[in-house]
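Architecture and fold: a report
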Amino acid sequence: MDGSPADVRSGALAPHAIAASGLSLAFGGVKAVDGMDLRLGHGEFLGLIGPNGAGKTTLFNILAGTYRPDGGTVLIDGHPAPPGDAKARIGLGLGRTFQIPKPFPQMTVLENVLTGAQNQAGEHIWPNFLQFRRVANEERAAVEKAKALLDFVKLTPLMHEPARVLSGGQRKLLELARVLMADPKILLLDEPAAGVNPTLLEFIIGRVLDLNRQGKSILLIEHNMDMVTRLCQRVVVMAGGRFLVEGSARDVSRHPAVIEAYLGAAA
Ligand SMILES: Nc1ncnc2c1ncn2[C@@H]1O[C@H](COP(=O)(O)OP(=O)(O)O)[C@@H](O)[C@H]1O
Ligand SMILES: [Mg+2]
């Protein structure tokens, strides 16, 4: 084992939570992501910023397996992640939140969290038939876990309400609890604070910091620079589908190339 690409591909070293290389994706003639590399260290809290249209959401969706890139590779914890396979990502320990969460409106808050549970024996017909006791135990454990997660995001009082009664901010918290049901080691967060009131924003910041302190590696897309400055140890800036600069939040926000990119996008 000498740190060669073959070692990394085989997962022998697993030096990064995410190691993406040469990712590209065009929509028609538009190169939304154009030869992008990205590394997320184990336990790191990394910010991804850039002007509108920079390609952040497209990159995020490639990493999450929602989009299949035209080229490039993604390793998760050293393991090759099949392109365009969001479900396989969950098995590799990756969880993602949606910028605009869409809970099942008629299901209760608790039932929505339970939809995030993975590899439940009850999902398969045979174990259901043959091992009903095991299934029942697993379901009880899942409900206990979902309740603990609802406690973590302070939604316990709304547990038995249909999800449609939740505010936008509460839906973001429900989304977080749902994703945590699968015990992800890596979290991709797409603007978790957008459109959220200041009190809830502080609460979300605290919870996300807790998750990072528990050892989860986090990639955050966020426009709120105050939040990025408080949370992120390192910030990567994209523009025009490409890597622009990286550094601390303070340094990148003063960087001439970053200022120019934001001014250019606003023009
Ligand atoms: N599904 C899509 N179909 C066509 N063009 C898209 C699609 N998604 C994004 N784009 C284009 O790709 C570029 C990058 O978009 P996006 O990844 O949403 O940027 P950001 O999230 O940084 O604002 C933009 O020019 C956008 O118009
Ligand atoms: Mg976006």
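Thresholds, definitions, all that
Residues take numbers from 1 onward in each chain, read along the sequence in its written order. In the order they appear in the text, chains get letters beginning with A and ligands get numbers beginning with 1. Local features in this predicted model are restricted to residues whose pLDDT is 70 or higher, and side-chain atom pairs enter the listing and the counts only when it is 80 or higher, whereas totals over whole chains, interfaces and linings include all residues. By convention in this description, side-chain values take in all heavy atoms of the structure and omit both hydrogens and water. Where helices and strands are cited, they refer to DSSP runs of H or I of at least four residues and of E of at least two residues respectively, numbered from the N terminus. We call a residue buried when its accessible area falls under 20% of the maximum for its residue type, exposed when it is over 50%, and partly exposed in between, using a 1.4 Å probe and counting protein chains only. Contacts: residue pairs with any heavy atoms within 4.5 Å of one another. The protein chains shown are the only cover counted for residues, whose accessible areas, like all others here, come from Shrake-Rupley with a 1.4 Å probe. For this analysis, a ring pair means two rings from Phe, Tyr or Trp (six-membered ring only for Trp) whose centres lie within 6.5 Å, classed as stacked if their planes differ by under 30 degrees, edge-to-face if by over 60, and tilted for the remaining angles. Either the NZ atom of lysine or the CZ atom of arginine qualifies as a charge over a ring when it sits within 6 Å of the ring centre and within 35 degrees of the ring normal. The criterion for a residue being near a molecule or strand is simple. One of its heavy atoms has to lie within 4 Å of it. Counted as a polar contact is a pair of N or O atoms within 3.5 Å, where, for protein atoms, one must be capable of donating a hydrogen and the other of accepting one, and residues adjacent in sequence contribute only when both atoms are in side chains. We call Asp, Glu, Lys and Arg charged. Ala, Val, Leu, Ile, Met, Phe, Trp, Tyr, Cys and Pro are nonpolar, and the rest, Gly among them, are polar. We treat two strands as partners when DSSP finds at least two bridges between them. In this analysis an axis means a line fitted to C-alpha atoms, helices contributing only their contacting stretch, and an angle means the value between N-to-C directions, from 0 to 180 degrees. Put simply, the grid is 1 Å and covers the protein atoms alone, a cavity is a trapped set of points that fit a 1.4 Å probe, a pocket is an open set with protein on both sides within 12 Å along at least five of seven lines, and lining residues have an atom within 4 Å of a point. Grid points are joined across faces, edges and corners, and a volume is the space filled by probe spheres set on the points. For salt bridges, the criterion is a side-chain nitrogen of Lys or Arg within 4 Å of an Asp or Glu carboxyl oxygen. The predictor attaches a confidence to each residue, and that confidence, scored 0 to 100, is pLDDT.

A look at the overall build of the chain
Along its length, the chain carries eleven helices and ten strands. Here the chain holds 267 residues, and 46% of them are scored as buried. Considering only intrachain contacts with a sequence separation of at least 6, the fraction spanning at least 24 residues in the chain is 67%. Carbon and sulfur atoms make up 55% of the accessible area of the chain, which amounts to about 13200 Å² in all.

Here we look at unusual backbone geometry
You will see that Asp77, though not glycine, has its phi angle at about 55°, which is positive. Looking at the secondary structure, you find Asp77 in the loop between strand S4 (71–76) and strand S5 (79–80). Positive phi is not limited to glycine here, since Asp183 has a value of about 55°. Its location among the elements puts Asp183 in the loop between helix H7 (168–180) and strand S7 (186–190).

A word on the environment of Val165
Tracing the chain through its elements places Val165 in the loop between helix H6 (132–152) and H7. Separated by 57 residues in the primary sequence, Val165 and Thr108 place their C-alpha atoms 9.6 Å from one another.

Thoughts on the packing of aromatic side chains
Per the counting criterion, the structure on display carries one aromatic pair. If you follow Arg96 out to its NZ or CZ, it ends over the ring of Phe98, 3.8 Å from the centre. A cation over a ring is seen here: Lys154 above Phe203, with NZ or CZ 4.6 Å from the ring centre.

A short note on the site of ligand 1
Residues in contact with ligand 1, as listed here, are Phe27, Val30, Ala32, Pro51, Asn52, Gly53, Ala54, Gly55, Lys56, Thr57 and Thr58. One of the backbone N or O atoms of Ala54 is found 3.1 Å from an oxygen atom in ligand 1. Within the contact set of ligand 1, an oxygen atom lies 2.9 Å away from a backbone nitrogen or oxygen of Gly55. Secondary structure elements with two or more residues in the shell around ligand 1: strand S2 (30–41) and helix H2 (56–63). Looking at the shell around ligand 1, the element that brings in the most residues is H2, giving three residues. When grouped by side-chain class, the residues that make up the shell around ligand 1 number five nonpolar, five polar and one charged.

Some remarks on the sheet that holds strand S9 (residues 234–239)
An order of S6-S7-S8-S3-S9-S10 is seen for the six strands of this open sheet, with the pairing classed as mixed. Of all strands in the sheet, those bounded by a partner on one side alone are strand S6 (94–96) and strand S10 (242–247). Direction aside, the axes of adjacent strands within the sheet are offset by 20° on average. Across five bridges, S9 lies against S10 in antiparallel orientation. Paired with Val236 across the two strands is Glu246, which belongs to S10.

So, empty space enclosed by the protein
Using the criterion set out here, one finds one cavity of 30 Å³ or more in the structure. Space inside the largest cavity adds up to approximately 100 Å³. Looking at the lining of the largest cavity, the elements that each hand over two or more residues are H7, S7 and helix H8 (198–213). Looking at the lining of the largest cavity, the element that brings in the most residues is H7, giving four residues. The residue inventory of the lining of the largest cavity, partitioned by class, reads eight nonpolar, one polar and three charged.

Brief notes about the pattern of salt bridges
Counted under the stated rule, the structure contains nine salt bridges. Note that Arg242 is salt-bridged to Asp34, the shortest N-O span being 3.0 Å. Separated by 208 residues along the polypeptide, Arg242 in strand S10 and Asp34 in strand S2 bring together distant segments of the chain. According to the relative accessible area criterion, Arg242 is partly exposed, its value standing at 46%. Taken together, the shared-partner salt bridges in this structure form one network comprising Glu44, Arg234 and Glu246.

Observations regarding the confidence of the model for the chain
Confidence in the prediction for the chain averages 89 pLDDT; 89% of positions are at 70 or higher. Scored below 50 in pLDDT, residues 7–12 shows 15 contacts in the model against residues more than four places distant or in partner chains.

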